[in-house]
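# Inside the fold
Each chain, letter by letter, is given below.
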Amino acid sequence: MAREPLYDIRQKIRAANDGNGHVIVQALNELESLFTAAKSENRLDDFLSNDALTAIDAISRNRPALTIALLRWLPDDDFSELALALCHSVDVHHLQVKVAVAFELRGSDVRRANAVALRHAGNNAAPAVSIGWLLSMAAAHGNDERTMALVTELMQYHIEELPRSTEQLLSNEQNPLVCLDVSRKALDQLIDFKEHLKELPEVRELVMPVHMRLMYSSVRRKRNRAINANSENRSFFASLFQTRRFKYSTRAAIEIHHGDRMEEQTLTMAPFSVSVELPLSEITDPMAAHFQRQDFKNRGKI
């Protein structure tokens, strides 16, 4: 496939930072045509994973383009592969976002906006995206009874499935949408639930004593050492590359050997961590969780 059309699409999306709807719609139409052609030629996997990857990434970074693309593709099964690729890119960019994403849904089709919210829940979208979409729906279509009923239902779903992420997003005042009535009610419900848990009696028999924690840590260390030793012995790369071990004290250092001499090169280290809250039903009842998400997806079909 010639890369020029996709390059032009990406450039149009990136240039439309002012929310130029005409340019965005034109670029999305061109991408739809290329997607349909790739699907008919049975080369969809290569198209989504290679050719269209940068264009999809550009859409996920442009808020107006993302809003239009979600409304067009996510409720429509004819573009399900393209919509899922876009949702994956969006989730990657918003995985660690602590502020609910605000979407401009004023003037949008109510049925399609509701369908997108349902499919966000069915696809386990990043909480910042799915909750942000619900709050944006409440702000744009708050006078529609069916929309508000759906917002309440899906907000309750987030409270039950993702309580920590939901509380974190709704309590962040950087997003003006958290001042909505539905947001305040959900946050009050989460706070009341936390207070209720604190008041429950603790069962000391279920608390691991000190010596058991020490034994458990020792078992884990031995298991990790055995896994590392076994992987090093069987590693194909061990015959190609030398092994260097880090030293840790107040700073990290690595040994560099120059013949008989050995020097230590200090390295600048910074802490980094990624944490994702999984839906509680995936632990308590994965089968029921699957059917519930499937129901959301089916209800979000147009």
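First, a word on scope: everything that follows refers to the structure included in this document. (Residues numbered from 1 in each chain as written. Predicted model: local features only at pLDDT ≥ 70, side-chain atom pairs only at ≥ 80, totals over all residues. Heavy atoms only, no water.)

### So, the packing of aromatic side chains
A complete count under the given rule lists three aromatic pairs for this structure. Where F35 meets F79, the ring centres are 5.8 Å apart and the plane angle is 40°; that geometry is what we call tilted. Separated by 44 residues along the polypeptide, F35 in helix α2 (residues 21–40) and F79 in the loop between α5 (63–73) and α6 (80–93) bring together distant segments of the chain. The exposure class assigned to F35 is buried, which follows from its relative accessible area of 1%. Judged by relative accessible area, F79 falls into the buried class, the value being 15%. For the ring pair Y157 and F296, a centre distance of 5.1 Å and an interplane angle of 80° mean the geometry is edge-to-face. Of this pair, Y157 sits in helix α9 (residues 145–161) while F296 is found in helix α14 (residues 286–299), placing the two residues 139 residues apart along the sequence. Each member of the pair, Y157 as well as F296, is classed as buried. (Phe/Tyr/Trp six-rings, centres within 6.5 Å; stacked < 30°, edge-to-face > 60°. Helix = DSSP H or I, 4+ residues; strand = E, 2+ residues; numbered from the N terminus. Buried < 20%, exposed > 50% of the residue type's maximum accessible area, 1.4 Å probe, protein only.)

### Here we look at the nonpolar core
Ranked by internal contacts, the top residues of the largest apolar core, which has 64 residues, are L31, F47, I59, L70, W73, L86 and W133. Ranked by residue count, the leading element in this core is helix α8 (residues 127–140), at eight residues. (Core = buried A, V, L, I, M, F, W, Y, C linked by side-chain atoms within 4.5 Å.)

### Description of the pairing of strand β3 (residues 261–267)
Looking at chain direction, strand β2 (residues 252–258) and β3 are connected through seven bridges and run antiparallel. Residue pairing in the sheet places H258 in a bridge with R261 of β3. As consecutive antiparallel partners, β2 and β3 are separated by two residues, and within that stretch G259 has a phi angle of approximately 65°, a positive value. (Pairing = 2+ DSSP bridges.)

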